[in-house]
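# Examination of the molecular architecture
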Amino acid sequence: MDSLPKLPGLNFDGKFKQNHNVSHCFDFRNGYRIPKTPVFGVGGDPKKEDSLMYNKMNRNSILFDPILTYGCVKKPYINPFKPHFVLYDKKTLKFLAFFKQQIFESQKEHVRTRYVNIFYFLEDDTITVIEPEIDNCGFPQGKLIRRGKIKNVSSDKYYTWKNFNLGIDIAMQGFVFHITDCDMYTKEFLLSNGIELNPAECLPIDSTNTNKIIKKMKSASNFKVPRIDDKLRRYLEFQGMVLHFDCVLYENDKTSNQYITYKLFYYLEDDTIAIKELKENREGRYHFSMMMSRNRLPKNWKQLPSEFPSIFMEKSENEITDFYCPTDLRIGETIFVYGKKIILLDCDKFTRDYYERVLKLPQPNRLEIQASEKKKPKSRLPNYLGLGTPEDSMASCYGLIPKSPKKDIINYLINQNKFLRYGCVMDAEHPENQHRNFIIMYSLSNHTIKIVELASDNSGIQGGLFLSPIKIVKPDSNPDEPVYYSPKDLYIGATLHVYSHRFIITSADLYVYRYMQNFPELFTARSIQSVRNYLLLQGHLKEDLANAIEKEVLNQKLTDPIVDEPKDMNEALQSLTITGDPQNLNISSKIGDAKLSDQQPEEREICPYFIIPQKEKRESYHETCEKEYLDNPNQAEDKSSNSKKSTDDTKFVHFKDDILTQ
């Protein structure tokens, strides 16, 4: 039986036993493995060591207990092991620091100093930065950097407590913190670990916080103790009592001198004010029955406590403590209603009696404001836009339906088909334009100018209409009030500016001179003299010259009877000599000196050739000869062929310095 293995069911002791569990000998406590002595045996039976039978079997117990013989073994004391996170659990180093932030969007400050606390946790070498919160600072505060390990930028290693000291700068997450001081535990920890601390520094003063503190102190000094008032007593005593004032709204930027009148009501029962607009002021304006509803009126509605948020629009009596009272309402004084100026003019009888009997402050007499007469604004014509003529644009400003400008019908009927013709050349820089000849036709009926270009052989330029009849504005004239060319501006040697072109007048028609003789007040002496000298050189004033000579001869006969009279006209003309410049002509004869003009000599100008076709040939340029030529062209051709034979189809009339013989 002893050789049988001691397995369940093979022994005789406890053969009916069914529980054979063995107690565990190892246990876990707070994450540590701890050995455990089993209290019970297999299956929960008591151990043999605990029974009395076990002690009786060991008869000589001294042999089995070495402690009784040798005593207890003395072992050295070993401190229990504590991990790093257990040793420094809930132990933190605290440093006081600050950093400066640049401000770009404020006019009051450019650099802002912000104070922070740097916490270093010794249990896991993590760091966090927290900014203490300040009331109404205007920017978010609190945790700037989350708790975690932060790398040192210079060494690419994590920060440890050995890298911290007083008076140094530490860069973390884009911020540069300057450490100024630390708490007592931090100083003892660093000194015990062999780190020499730098002297502590003071935190710099922030100008923004300083200004806020000063404002708070001023507001505290200006604080007024609110009066204790019994609202029920005031309501029962002053119910229905209202002070009435007549007032006007004063506006500096108003162009008109009309003042808007209002009615001011002061309710004595609760010291509220209401301002009502009168009916006579509603004409032409929006209808607002009340300028200000019934409410207490502050004296300075912009003066608020420094801690009051500016974004909050609603203000109560807790923020505004100074309101208008009856002693502030005096006739002739100005009160401010939320930025608007109100002048008090007069009050009713009850108001005057109340001020005189109750307040002992008599009101002055009524204030009169004399408003000046209404000034009608002067209507100003708009500027000329360049569309059409200035007269047409001006006519469209006088009514909704534009009307054509009025014309001088009498002048049109008198001067119909009457033109002043001048020959001119173009003052151009290019050589191909210097030999172009033009005719300027000035219409006396509508004061327009027409320019026709003459055709010249082998020039490559086809003659014809160069400018349609139009009024030409003088250069450097006001576009809104233009000044046009007139007959007094057209004379030989004058320069005309026509749409970026310059024309120099070199010749004139005989009709121009006749028109100048009839209306000398329309022309200057220079214009008349220049045309006269030119026509004398061309031989067109023979009759005038002969009449002048006859008058001179008669005068000479009266003064000197010995002088012989010329036999005929040819002898008189042969005796004349023309000297000087063509435009400063002096005529002298053997009989005597007959000066036609005393004009000073002018610059000599070259006149162009006028090429007139045979069909358009006429004796003079005025309309009478033109009508005769158009009515009987054949008769005119016969006269011209008899008077002068020509082999060419065209006749050249040369306007030059030399005198033509006819």
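Residue numbers run consecutively from 1 along every chain, following the written order of its sequence. Given that this is a predicted model, residues contribute local features only at a pLDDT of at least 70 and side-chain atom pairs are listed and counted only at 80 or more, while totals for whole chains, interfaces and linings are drawn from all residues. Hydrogen atoms and water are omitted, and side-chain values are computed over all heavy atoms in the structure.

## Considering the pattern of salt bridges
This is how it is decided: Salt bridge, as applied in this entry: a Lys or Arg side-chain nitrogen positioned within 4 Å of an Asp or Glu carboxyl oxygen. A 1.4 Å probe rolled over the protein chains alone gives each residue an accessible area, and that area as a share of the maximum for its type sets the label: buried under 20%, exposed over 50%, partly exposed in between. Secondary structure elements follow DSSP: runs of H or I no shorter than four residues count as helices, runs of E no shorter than two count as strands, and numbering proceeds from the N terminus.
For the structure shown, the criterion picks out 20 salt bridges. A salt bridge links Lys-187 to Asp-181; the nearest nitrogen and oxygen atoms lie 3.9 Å apart. Exposure remark for Lys-187: the relative accessible area of 27% places this residue in the partly exposed category. We note a salt bridge from Asp-322 to Lys-299, for which the minimum N-O separation is 3.8 Å. Remark: Lys-299 occurs in the loop between β12 (290–295) and β13 (334–337) and Asp-322 occurs in the loop between β12 and β13; sequence separation between them is 23 residues. Asp-322 gets classed as partly exposed once you look at its relative accessible area, which sits at 36%. According to the relative accessible area criterion, Lys-299 is partly exposed, its value standing at 31%. A single network of salt bridges, built from pairs that share partners, joins Asp-246, Lys-263, Asp-346, Arg-352, Arg-366 and Glu-368.

## Some remarks on a nonpolar patch on the surface
Quick note on the threshold: Patch definition: residues above 30% relative accessible area lacking any salt bridge, with like charges linked at up to 9 Å and the nonpolar side chains Val, Leu, Ile, Met, Phe, Trp and Tyr linked at up to 5 Å. A 1.4 Å probe and the Shrake-Rupley method give the accessible areas. Residues count as covered only by the protein chains that appear here.
A grouping of Tyr-32, Ile-34, Phe-85 and Val-86 is seen on the molecular surface, where their side chains present a nonpolar patch of about 370 Å² in accessible area. For the nonpolar patch, the secondary-structure elements that each account for two or more residues are β2 (32–35) and α3 (84–87). Following the sequence through the fold, Ile-34 ends up in strand β2. Residue classification places Ile-34 among the partly exposed positions, given a relative accessible area of 31%.

## Some points on the sheet that holds strand β6 (residues 142–148)
We count it as follows: Each pair of strands is called paired provided DSSP finds at least two bridges between the two strands. Angles shown run from 0 to 180 degrees and are taken between the N-to-C directions of axes, each axis being a line fitted to C-alpha atoms and, for helices, limited to the stretch in contact.
Strand order across the open sheet formed by 6 strands is β6-β5-β4-β3-β8-β7, with antiparallel pairing between neighbours. In this open sheet, the two strands that pair with only one neighbour each are β6 and β7 (169–172). Between one strand axis and the next, the sheet turns by 30° as a mean value, whatever way the strands run. Judged from the 4 bridges that link them, strand β5 (residues 126–131) and β6 form a sheet pairing that is antiparallel.

## Focus: the pairing of strand β15 (residues 419–426)
Within β15, 7 of the 8 residues are buried, which leaves it mostly tucked inside the rest of the structure. The pairing of β15 with strand β16 (residues 437–443) spans 7 bridges and is antiparallel. Residue pairing for β16: Arg-421 is matched across the bridge by Met-441. Note that β15 and strand β20 (residues 501–508) share 5 bridges and pair antiparallel. The partner of Cys-424 across the bridge, within β20, is Ile-505.

## Notes on the packing of aromatic side chains
Test applied: Two aromatic rings, drawn from Phe, Tyr or Trp (for Trp, its six-membered ring), form a pair once their centres lie within 6.5 Å of each other, and the interplanar angle then sorts them: stacked below 30 degrees, edge-to-face above 60, tilted otherwise.
If you walk through the whole model with that rule in mind, you get 17 aromatic pairs. Centroid distance Phe-245 to Tyr-355: 6.3 Å. Interplanar angle 80°. Geometry classified as edge-to-face. Separated by 110 residues along the polypeptide, Phe-245 in strand β9 (residues 242–250) and Tyr-355 in helix α7 (residues 349–357) bring together distant segments of the chain. By the burial criterion, Phe-245 is buried, and Tyr-355 matches it. Joined through ring pairs, the aromatic side chains of Tyr-88, Trp-161, Tyr-185 and Phe-189 make up one cluster.

## Thoughts on the sheet that holds strand β14 (residues 340–347)
Strand order across the open sheet formed by 6 strands is β12-β11-β10-β9-β14-β13, with antiparallel pairing between neighbours. If you trace the sheet from one side to the other, it starts and ends with β12 and β13, each paired once. Adjacent strand axes in the sheet meet at a mean angle of 35°, parallel and antiparallel pairs treated alike. Relative to strand β11 (residues 272–277), strand β10 (residues 260–267) is paired through 6 bridges, and the arrangement is antiparallel. Across the sheet, Tyr-267 pairs through a bridge with Thr-272, a residue of β11.

## Some points on the confidence of the model for the chain
To keep it simple, the criterion reads: A residue's pLDDT is the predictor's confidence in that residue, given on a scale from 0 to 100. By definition, residues are in contact when any of their heavy atoms lie within 4.5 Å.
In this model, the chain carries a mean pLDDT of 77, and residues with pLDDT of at least 70 account for 73%. Below pLDDT 50 for its whole length, residues 565–569 participates in 5 contacts with residues either more than four positions away or in separate chains. This stretch, residues 572–662, has a pLDDT under 50; its non-local contacts, to residues over four places away or in other chains, come to 135 contacts.

## Regarding the environment of Val-248
Along the polypeptide, Val-248 turns up in strand β9. Using a relative accessible area of 4% as the deciding quantity, one classes Val-248 as buried. The spatial distance from the C-alpha of Val-248 to the C-alpha of Thr-334 is 9.8 Å, given a sequence separation of 86 residues. When neighbours within four sequence positions are excluded, Val-248 is seen to be in contact with Tyr-259, Ile-260, Thr-261, Lys-341, Ile-342, Ile-343, Leu-345 and Ile-369.

## Some details on the environment of Phe-466
Its location among the elements puts Phe-466 in strand β18 (residues 464–470). In this structure the C-alpha to C-alpha distance between Phe-466 and Glu-453, which are 13 residues apart in sequence, comes to 5.9 Å. With sequence-adjacent residues up to four places away left out, Phe-466 is seen in contact with Met-426, Arg-436, Phe-438, Ile-451, Val-452, Glu-453, His-501 and Phe-503.

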